[in-house]
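Next come the chains, spelled out residue by residue.
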Amino acid sequence: MKQKKELPHRPKLLKYVLFGMIVFLGLVCLYNCSFIAPGLPIARDHLVLDDGSDPANGVSYHGRLDMDMEDQELEVAKSIPVCDTRYSELIPCLDRNLIYQLRLKLNLTVMEHYERHCPPPQRRYNCLIPPPAGYKIPIRWPASRDQVWKANIPHTHLAQEKSDQNWMVVDGDKIKFPGGGTHFHYGADIYIAAIAGMLKLPGEKLSNGGNIRNVLDVGCGVASFGAYLLSHDIIAMSLAPNDVHENQIQFALERGIPSTLGVLGTKRLPYPSRSFELAHCSRCRIDWLQRDGILLLELDRLLRPGGYFVYSSPEAYAHDAENRRIWNAMYDLLRRMCWRVVSRRDQTVIWAKPLSNSCYMKRSRGTQPPLCMSGDEPDESWNVPMKACITPYSPKVHKEKGTGLEPWPRRLMAPPPRLEEIGVPLDEFHKDTNVWHDRVVDYWKQMKSVILKNSVRNVMDMNSNLGGFAAALKDKDIWVMNVAPVNMSSRLKIIYDRGLIGTVHDWCESFSTYPRTYDLLHAWMILSETEDRGCSIEDLLIEMDRMLRPEGFIIIRDKPHIINFVRKFLTALKWDGWSSEVEPRTDVLSLSEERILIARKKLWHETFTI
């Protein structure tokens, strides 16, 4: 009887033991994990994976690096794991799977799901993004404008969906781009000439003698409009979201056309005020009337005095009741914004923004939309909500009725009037331009033995300052995405005033682009800044690898201890195809002792993945 009474207690004891073991293991896990976020993981003898399973597709996150302590101060990666091939097109901050997994409550009607939502540190993929099967080195510019390798972007959905509009055609192992679009089936070149004719510009040249240089193309498709503007000495920021139209911006960047991922949603686009002479929408599927016209007011912020909005859409020409209703409402809104119709022909209407504040002053009291408050800063654009108000001109711009910019190409080297706004003296601007000319000459001398003709087309300057690096490349057939770090965002207006393009970005986060979209990355003191902000340099190096094309170049100009650190990662990152390290001569921009490391990324195909 005694034994029978004791039997029921044994399962209870076993439960206590198991519970204690689980708690102990949990504490051990918590202790170890507290040392590994947010940067790359601590040293391990073998590859270990966090239990960060993805409910959508069953993969794991945050792969551990195989590390080896060379000394007590520096951890060095022997190898970096490779992501599963399903992630060959991963854009970490525009990942719809992540939105699903984090159960973010977003308003789909205002496009919040197409805006940036970055993974928390513990959910970052600390692995290298592999190229797709059969990947080839991209076709070189200028041939790439019209054709790319199908294996590099194996998506043909748009070729069928837009077959009647000549967006793209599959031809064997290539995808070709005839230059068509939703409202220019017969070619972007003919369409561009027609727009110039509507504006009565000399010789039907849209550049208007260099006075139209910067264009914003929203809902750009595969960016054929921007592609054909290049021959007119016009550079367009071609913009489209990562939406159901598969890989539009990836196609554009593969072609070598300036473009970026973005959406007119709830936040300002990451560009300063008065950046563009012309905005363009060809059937861009945007509801311009929503939320009191807030999206049109964002275009108003971005357009320069007298800037144009070219709108090709059924609302501009169709006669059915619904399109007439939209047209009337849109016309009334733009009239209250003081825009005027310059020309209307066939399927296109062109509006012009006022040159001064005069029209705003004549509006009746209480007219909507209102003028923005005097304390509003129109150039702030990183994670800033859009505002349903009109941005008036400063007294100086109102008086001059214009920007005071030189025509292109003179404006590239001419000191922009807005230098005064950011407190930069003229001599500092000229010194910056001259120093970067000399620095770029030195870079190309270092790469002379390995850089091939036309092998560099898409370039990113990760810390653009006043645009001197991009200006120094003016004689090369390339374009530069000038990135102003968040703490230097005010300088981006100088980039645009010089006739260049760029964006604001926080390098503690991933950039909004597809993998393998840049041929050269230039990083001047950006890794030091990342370190000073307490963000992970290792994460940034993996992000740089994600953006860089195979056989592309990295130029890192930074403090010696940063260069020493990066050099030890070259093999793990597969950047050891070729490298060169020098100590540069001191100049007026040298902030401290600097070194230059130039490395080349290998073309690799990995079979082992996580």
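Residues numbered from 1 in each chain as written. Predicted model: local features only at pLDDT ≥ 70, side-chain atom pairs only at ≥ 80, totals over all residues. Heavy atoms only, no water.

- Naming follows an unreviewed UniProt entry, where the protein chain appears as Methyltransferase of Capsicum baccatum.

## Some details on the overall build of the protein chain
No. 1: Of the regular secondary structure elements, the protein chain holds 18 helices and 19 strands.
No. 2: In the protein chain, which comprises 610 residues, the proportion classed as buried is 58%.
No. 3: Of the accessible surface of the protein chain, which amounts to about 26900 Å², a share of 53% is contributed by carbon and sulfur atoms. (Helix = DSSP H or I, 4+ residues; strand = E, 2+ residues; numbered from the N terminus. Buried < 20%, exposed > 50% of the residue type's maximum accessible area, 1.4 Å probe, protein only. Areas by Shrake-Rupley, 256 points an atom, 1.4 Å probe, with all protein chains shown as cover.)

## Quick notes on the nonpolar core
No. 1: Of all hydrophobic cores here, the largest spans 140 residues; its most connected members are Leu206, Trp288, Phe309, Met460, Leu527 and Met544.
No. 2: Composition of this core by domain shows at least three residues from each of domain 1 (185-359 + 372-405) and domain 2 (411-601).
No. 3: Apart from residues lying up to four places away in sequence, Leu206 is in contact with Ile192, Ile195, Ala196, Leu199, Leu201, Ile212, Leu229, His232, Ile234 and Leu278. (Core = buried A, V, L, I, M, F, W, Y, C linked by side-chain atoms within 4.5 Å. Domains from an automatic or database assignment. Contact = heavy atoms within 4.5 Å.)

## A look at empty space enclosed by the protein
No. 1: Counted by the stated rule, this structure contains eight cavities of 30 Å³ or more.
No. 2: Of the voids in this model, the largest cavity is the one considered here, and its volume is about 380 Å³.
No. 3: The wall of the largest cavity is formed by 22 residues, among which Arg116, Leu261, Pro270, Trp382 and Ser512 lie closest to the centre.
No. 4: Elements with a minimum of two residues in the lining of the largest cavity: strand 8 (259-261) and strand 15 (501-505). (1 Å grid on protein atoms, 1.4 Å probe; cavity = no way out; pocket = protein on both sides within 12 Å on 5 of 7 lines; lining within 4 Å. Points joined across faces, edges and corners; volume = space filled by probe spheres on them.)

## Concerning the pairing of strand 12 (residues 348-352)
No. 1: Of all five residues that make up strand 12, five are buried, and the element is covered over most of its length.
No. 2: Residues Thr348, Ile350 and Ala352 point to one face of strand 12 and Val349 and Trp351 to the other, with burial holding for every one of them.
No. 3: As judged from the five bridges shared by strand 10 (residues 303-312) and strand 12, these two strands associate in the antiparallel manner. When the sheet's bridge partners are listed, Phe309 is paired in strand 12 with Trp351.
No. 4: Relative to strand 12, strand 11 (residues 340-345) is paired through five bridges, and the arrangement is antiparallel. Bridging from a neighbouring strand, Val341 pairs with Trp351 of strand 12. (Pairing = 2+ DSSP bridges.)

## A few points about the sheet that holds strand 19 (residues 595-600)
No. 1: An order of 15-14-13-16-17-19-18 is seen for the seven strands of this open sheet, with the pairing classed as mixed. What marks the edges here is a single partner per strand, and that holds for strand 15 and strand 18 (578-582). Mean inter-strand twist for the sheet, computed between neighbouring axes without regard to direction, equals 15°.
No. 2: Alignment of strand 13 (residues 458-461) against strand 14 (residues 479-485), held across four bridges, turns out to be parallel. Counted as the bridge partner of Val459 is Val480 from strand 14. (Axes fitted to C-alpha atoms, helices over the stretch in contact; angles between N-to-C directions.)

## Remarks on the state of the cysteines
No. 1: A full pass over the atoms with the stated rule returns six disulfides.
No. 2: Residue Cys83 pairs covalently with Cys127 via a disulfide, S to S 2.0 Å. Handedness of the Cys83-Cys127 disulfide follows from its S-S torsion of about 85°: it is right-handed. Separated by 44 residues along the polypeptide, Cys83 in the loop between strand 2 (75-79) and helix 3 (96-101) and Cys127 in the loop between helix 3 and strand 3 (147-149) bring together distant segments of the chain.
No. 3: Under the relative-accessibility criterion, Cys83 is labelled buried at 1%. (Disulfide = S-S within 2.5 Å.)

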